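Structural overview for review
Take a look at the letters that make up each chain.
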Amino acid sequence: MTTTMAPSRQRSGAVDRIRSAVAGIDWVLLLAVVAISAFSIFMVGRATVNDAAGPRFYLDRQILFTLTGAVLMLVAMRVNLDRMARWGWGLWGGLLGALAVVYLVGTATRGANSWIDVGPFNLQPSEIGKVMVAIVLAGIAVERLEDVGTARFTLFLTVVAAVPAVVVFLQPDLGTSLVYGAVLAAILFLVGVPWSHFAVAGSIMAIMILAVLWVLPNAGVKVLQDYQVQRLTAFIGAERDSSDAGYQLDQSKTAIGSGGAVGKGPDGATQSSGNFIPEHHTDFIFAVTGEMFGFVGGALLILLYALVLWRGLRTMARASSQVDMLVAGAIVAMIGFQVFVNIGMNVGIMPITGIPLPMMSYGGSHTLTTLIAIGLLLGINQRRSAIRG
Amino acid sequence: MSTGLPPRRGSNRPAGGWAPTLTPKTAVRIAILGGIALGLLGLLLIRLWFLQVINAEQYAERADGNRLRTVITQPPRGNILTRDGVPLVTNTTGENLVARPRELTGERRRQVLAKLAPKIGETLPALMAKVNAGDNQPLQSVVLARNIDPVLYRYLAERRRDFPGISLEETYLRSYPEGQLAAHLLGSTGPITAEQIKDLRRRGYAGDETIGVDGIEQQYESVLRGTPGRSVVEVDAAGEPLSRQYVSSRSPVPGRDVRLSIDSKTQIALEAALAEAARVTGAVGAAGVALNPKTGEVLALGSFPTFSPQTFVTRKEKPVSALFNDPDRPLNDRAIAGVYPAGSTFKAITAAAALRAGIITPDTQLESPSSIVLHKQRFRNFRENSHGVIDLAYAMRVSSDTYFYQVADDLWRAQSEKNDVYPLQAEARLFGLGDETGIDLPGEVPANVPDPPWKKRAYAGPDYTDFQRSWLAGDTIQLSVGQGFLQVTPLQMAVAYGAIANGGTLHTPTVGFEVRDPNGRVVQELSKGRPTRPLGVSPTALESIKQGLYDAANAELGTSTSVFGALPEGVKVAGKTGTAEPGDGGEDHSWFVGYAPFDDPSIVVSIVIERGGTGANAAAPAVCSTMAANLEFDPDLCGDPVASR
């Protein structure tokens, strides 16, 4: 090698690096995610202009979260999931440890002990746990592929997911623990667990729901807090329920419905500006969207999510390893489940479970988590392209 | 064992080449996952369509209901005045005790209301319910007690700090400068009842207003009420106004004044006369009406015993329930809702019927013995007087019963149940009896003119025999002298005699005269355009009846000559006494109906004194002193009564 060649080689090395970094990126997925995130920043800003914290408080933070998330997304793209999955038990232990710390030193907010203060921000380990559980389960499943189909395999994976899920449930954060369940179900489903296991799991779920909501309370054992039960059952109830949960639901539906076909625009959205929509920047940001931009806006947003899910499924089908495939599938399930449950509760067809709308709702931990998950998807797609190419 | 994945390979990282992880089975499962995602997102879109396109309007309304709050300001009610400008009902202000739901939240609401409840004689649950209901309209204060008394006012004013969220709000109250005068006419104002609320909501009431209850207050509610002010404010979820500006604002428009046709002097005199007659005779009740016979306008209308309308402003429980439970029923307006047999005052109508049917002419001479036997039954003259052979005018003058018994017998013969022809009853109905007069006051009763079909209905059922149900000659004979089943109100008799006085036109009586706006401009004439009806009695027949009525009050042996005989020319009275047997064996009701001046009548007065004895005894002097006030002659010219029929 000669020194005269060095600059040129260095330059070409840098170009190559950028080229290789960019090669195989799923631009459609990336564009959809950028679009949703940009819209999120706009909506969080508009929804909170009248808030006591100041017109830019949430907006600035959401911008910061999104930018941080973008950096983490780029990092996640480079993560080797197969290697990471080998450390599955370590991740699992780390997650449980973090959850335990939260439980011990966490700040009580709205009756929930789910975050750790980090300077001005607070971290919710249960959020990043969604992705971690996906990787852990994928790794374990792939390690024990010979056992797929046995009850032992299914039970084992279920327990692995259930331990953190129960801890999260006890925080209490019902919604997030349900997301863990969705991740587990997706991995079991994709790995090929027989239908009969799902039937049994479904029956057990039904019995548990009955027990938690009806049998045990009647027997004097309170599993859920009153407000949780109310939130879960409000969507079945009367149109104008006077309970807090009923009020939330009613106001959310009123906001969305009054938006009409094309919406009232950001300035005419009285339900949002008058503070009628509770949690208008987090759980009920879809209601604000629906009021401001009507059916057109809401449908476009749903189509963007459909795009994300489709690219996720496509990535899964083209994954270069089993771990990649399972993680991709778990991420699609995680995002899809949250989108459906969140929008579903905004429009009054799902219970209020406190699940954020991925990439839209205000919030640091969940924005970071979703963008990391997207980064993993992009990475999986890219690796496969690299192999092919 | 079945698995969607190929067996695990040695290394997770494919060392080289493409590792096919996608088996057909996995592909199917991915497709299923995609299908589920598609289905669920489709479900969301459908739901969104349902909310935003199909039901958008409903939710838009709901959103407006959320953000817009209406603050209502009640206007003062219109005044009620007499025709000559004496205010009978005006407004004053009082203090309502109100709660502001927005400042009285959580546990504090219960604490404050619990302290307050015993002070205003309410129960805690009732107050809680009131304030809780106000949560929907947080800018509108909730009235807890109306027009609180000064003692409570001072107590609360001194302890403002102990009752946060509670305040005193000025309110309009009805005031009665003339005290009890015309109490029955006026009615009162009160809260809207649960039964009324639905109907009133449709007419633009919010439900917490006070409205006219009974009398003129009820009849002319729409005029007196005014238009409430309405300011629409945009608020946020906490009920906090978003800006100081109103979305829309309309000031309250005060109610309009109603001027009655009542003449204050006549009204005062009538009520005084009723009270005096009751005092003299010990009557529990009395009532009277004075009309202008040419127009039907009511000059005075009174009922005894009376009450103080102020009782319904103060709304103290004891006096109010005392009024409602009083056995003498002071709240009952006997002038329009009291029913009595007409007694001999009915003879004018019997005369008209007989003249119309050709049974008699004004000159027909009949013997008037002390008693006569008709249909094997003896009918006696009053006090068994006998008057010899007399004509119609003379029979009216002395109020001969036997004369009219004979006439009635012929009227009975002229009736036909088959053809539904009843000359005497038809005449009574032509004179407006047996039906509401249509006066602009609520609560009027039709009373009753009995006829054979009525008797069949009244005596229907197994408790009565066919004989009891059948209409007998005796029934017509009793009716001819205003006894038996006949029921009339003092107002009906005034209207009937008004028609005689004015030459044969039956007027619909009116109390409301005109509506004036707050500037005094007349905006509506209430007494004009009301239906009238000709009696169709021939002029000669009417003349002879009038002559009889004149003689009864002025000629020798006239039943009320002792009372009216001394009145000077120009205020000569024509009228008929009545002594009505109540049918329960008790003391007779005393009637007098008459008009004056005889030549050009401008007032007709009808008065009944319950159990006042003979007509000349109690009722005639009351009519005389009422007329004295209206026609401005000296009431001392009214003579002392001599008992006669």
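Residues numbered from 1 in each chain as written. Chains lettered and ligands numbered in written order. Predicted model: local features only at pLDDT ≥ 70, side-chain atom pairs only at ≥ 80, totals over all residues.

**Observations regarding the overall build of chain B**
Counted only if it meets this: Put simply, DSSP H or I for four residues or longer makes a helix, DSSP E for two residues or longer makes a strand, and each gets a number counted from the N terminus. Exposure criterion: with C-beta atoms placed from backbone coordinates, a residue whose C-beta has 20 or more other C-beta atoms within 10 Å is buried, one with 12 or fewer is exposed, and one in between is partly exposed. Residue pairs qualify as contacts under a 7 Å threshold applied to their C-beta atoms, which are placed from the backbone.
Summing up its helical and strand segments, chain B has 24 helices and 23 strands in all. For chain B, the proportion of its 645 residues judged to be buried stands at 46%. Expressed as a percentage of contacts within chain B between residues at least 6 apart in sequence, the contacts between residues at least 24 apart total 72%.

**Some points on the overall build of chain A**
A count of helical and extended segments in chain A gives 16 helices and two strands. Per-residue burial for chain A yields a buried fraction of 52% across its 389 residues.

**Some points on the nonpolar core**
This is how it is decided: By our criterion, buried Ala, Val, Leu, Ile, Met, Phe, Trp, Tyr and Cys residues that link up through C-beta atoms within 7 Å make up a nonpolar core. Bear in mind that the domain bounds are from an automatic or database domain assignment.
Core analysis: the largest hydrophobic core is formed by 131 residues, its most contacted members being A277(B), A494(B), I609(B) and A619(B). Split by domain, the residues of this core number at least three in each of domain 1 (74-260) and domain 2 (264-637) of chain B. In terms of nonpolar packing, the next biggest core, distinct from the first, is built from 118 residues, M43(A), A85(A), L99(A) and L301(A) among them.

**Brief notes about the sheet that holds strand 9 (residues 248-250) of chain B**
Neighbouring strands of a sheet are bound in pairs by backbone hydrogen bonds; such pairs are parallel or else antiparallel. Residue and element names in this part refer to chain B. Here is the rule: If DSSP finds at least two bridges between two strands, the strands pair. For helices, the fitted line uses only the C-alpha atoms of the stretch in contact; every axis is such a line through C-alpha atoms, and the angle between N-to-C directions lies from 0 to 180 degrees.
If you trace the three strands from one edge of the open sheet to the other, you get 1-8-9, paired in antiparallel fashion. Of all strands in the sheet, those with a lone pairing partner are strand 1 (68-73) and strand 9, marking the two edges. Each strand axis lies, on average, 20 degrees off the axis of its neighbour in the sheet, ignoring direction. Of the strand pairs in this sheet, strand 8 (residues 229-234) and strand 9 are connected by three bridges, and their pairing is antiparallel. When the bridges of strand 9 are listed, V232 appears paired with S248.

**Considering the interface of chain B and chain A**
Across the contact, 46 residues belong to chain B and 52 residues belong to chain A. For the side of chain B that touches chain A, the elements supplying multiple residues, two or more each, are helix 1 (24-54) and helix 2 (56-67) of chain B. If you tally residues by element for the side of chain B that touches chain A, the top one is helix 1 of chain B, at 18 residues.

**Some remarks on the pairing of strand 3 (residues 87-99) of chain B**
Here is the key point about a regular strand: its side chains alternate between the two faces of the sheet. All names here are of chain B. Alignment of strand 2 (residues 80-81) against strand 3, held across two bridges, turns out to be antiparallel. Residue pairing for strand 3: I80 is matched across the bridge by V89. Here strand 2 hands over to strand 3 after five residues, with G85 in that stretch at a positive phi of 90 degrees. Of the strand pairs in this sheet, strand 3 and strand 5 (residues 166-175) are connected by ten bridges, and their pairing is antiparallel.

**A closer look at the packing of helix 6 (residues 125-143) of chain A against helix 8 (residues 174-191) of chain A**
For any two helices packed against each other, one specifies the inter-axial angle together with the distance between the axes. Residues and elements named next belong to chain A. Heads up, the rule is: For classification purposes, angles smaller than 35 degrees are called roughly parallel, those larger than 145 roughly antiparallel, those between 65 and 115 roughly perpendicular, and all remaining angles oblique. If you view the pair so one helix is near and one far, a crossing is left-handed when the near helix is turned anticlockwise from the far one by less than a right angle, and right-handed when it is turned clockwise. Residues are grouped as follows: nonpolar covers Ala, Val, Leu, Ile, Met, Phe, Trp, Tyr, Cys and Pro; charged covers Asp, Glu, Lys and Arg; every other residue, Gly included, is treated as polar.
At a minimum axis distance of 10 Å, the contact between helix 6 and helix 8 shows a crossing angle of 20 degrees. By the angle between their directions, the pair helix 6 and helix 8 is classed as roughly parallel. Where helix 6 crosses over helix 8, the handedness of that crossing is right-handed. Residue-level contacts link S126, E127, K130, V133, A134, L137, A138 and A141 of helix 6 to T176, V179, Y180, V183, L184, I187 and V191 of helix 8. Residues that form the contact of helix 6 with helix 8 fall into these classes: eleven nonpolar, two polar and two charged.

**Points about the packing of helix 3 (residues 106-116) of chain B against helix 4 (residues 124-133) of chain B**
Residues and elements named next belong to chain B. Their axes nearest at 9 Å, the elements helix 3 and helix 4 cross at an angle of 130 degrees. Viewed along their axes, helix 3 and helix 4 adopt a mutual orientation that is oblique. As for how helix 3 packs across helix 4, the hand of that crossing is right-handed. Taken together, the residues of helix 4 that come into contact with helix 3 (itself represented by R109, R110, L113, A114 and L116) are L124, L127, M128 and V131. Class assignment for the residues of the contact of helix 3 with helix 4 results in seven nonpolar, no polar and two charged.

**Focus on the sheet that holds strand 23 (residues 603-609) of chain B**
Residues and elements named next belong to chain B. One open sheet accounts for five strands, arranged 12-11-23-22-21; its pairing is antiparallel. If you trace the sheet from one side to the other, it starts and ends with strand 12 (298-304) and strand 21 (574-580), each paired once. Averaged over all pairs of adjacent strands, the angle between their axes in this sheet comes to 5 degrees, without regard to strand direction. Where strand 21 lies against strand 22 (residues 589-596), seven bridges are found, and the strand directions are antiparallel. Its bridge partner being in strand 22, G578 is matched across the sheet by W591.

**With respect to the environment of L392(B)**
Residue and element names in this part refer to chain B. Mapped onto the elements, L392 comes out in helix 15 (residues 392-398). Along the sequence, L392 and S544 sit 152 residues apart, while their C-alpha atoms lie 7.3 Å from each other. Those residues in contact with L392, other than ones at most four positions away along the chain, are A351, I360, P362, T364, S544 and G548.

**Digging into the environment of F340(A)**
With respect to the element layout, F340(A) can be found in helix 15 (residues 322-346). Distance from F340(A) to L357(A), taken between C-alpha atoms, is 8.6 Å for residues 17 residues apart in sequence. Look past the residues within four positions of F340(A) in its chain and what remains in contact with it is L40(B) and L44(B).

**A look at the confidence of the model for chain B**
Rule in force here: How sure the predictor is of each residue is captured by pLDDT, a score from 0 to 100.
Per-chain confidence: chain B averages 88 in pLDDT, with 95% of residues scoring 70 or above. This model gives residues 7-19 of chain B a pLDDT under 50, and the stretch forms 15 contacts once residues within four places in sequence are excluded.

**Things to note about helix 1 of chain B**
Given 3.6 residues per turn, any residue in an α-helix points the same way as the ones three and four places further on. Stated precisely, the cut-off is as follows: To estimate the expected span of a helix, count its residues, drop one, and scale the result by 1.5 Å.
In a regular helix each residue adds 1.5 Å, so 31 residues correspond to 45 Å; helix 1 of chain B covers 43 Å between its end C-alpha atoms and thus fits that length. Among the residues of helix 1 of chain B, those classed as buried are T26(B), R29(B), I30(B), L33(B), A37(B), L41(B), L44(B), R47(B), L48(B), L51(B) and Q52(B).

**Remarks on the confidence of the model for chain A**
Residue and element names in this part refer to chain A. Summarising the model, chain A shows a mean pLDDT of 86, and 88% of its residues fall at 70 or more. Segment residues 1-6 is flagged for pLDDT under 50; beyond a separation of four residues in sequence, or across chains, it makes zero contacts in the model. Confidence over residues 107-112 falls short of pLDDT 50; this stretch has eight contacts with residues more than four positions distant or in other chains.

**Some points on unusual backbone geometry**
Residue F304(B) is joined to P305(B) through a cis peptide bond whose omega torsion reads 0 degrees. With respect to the helices and strands, P305(B) occurs in the loop between strand 12 and helix 11 (311-314). With an omega of -15 degrees, the peptide bond between A596(B) and P597(B) qualifies as cis. Here M359(A), not a glycine, exhibits a phi torsion of approximately 70 degrees, which is positive. Following the sequence through the fold, M359(A) ends up in the loop between helix 15 and helix 16 (364-388). On the basis of neighbour count, M359(A) is assigned to the buried category, with 28 C-beta atoms found within 10 Å.

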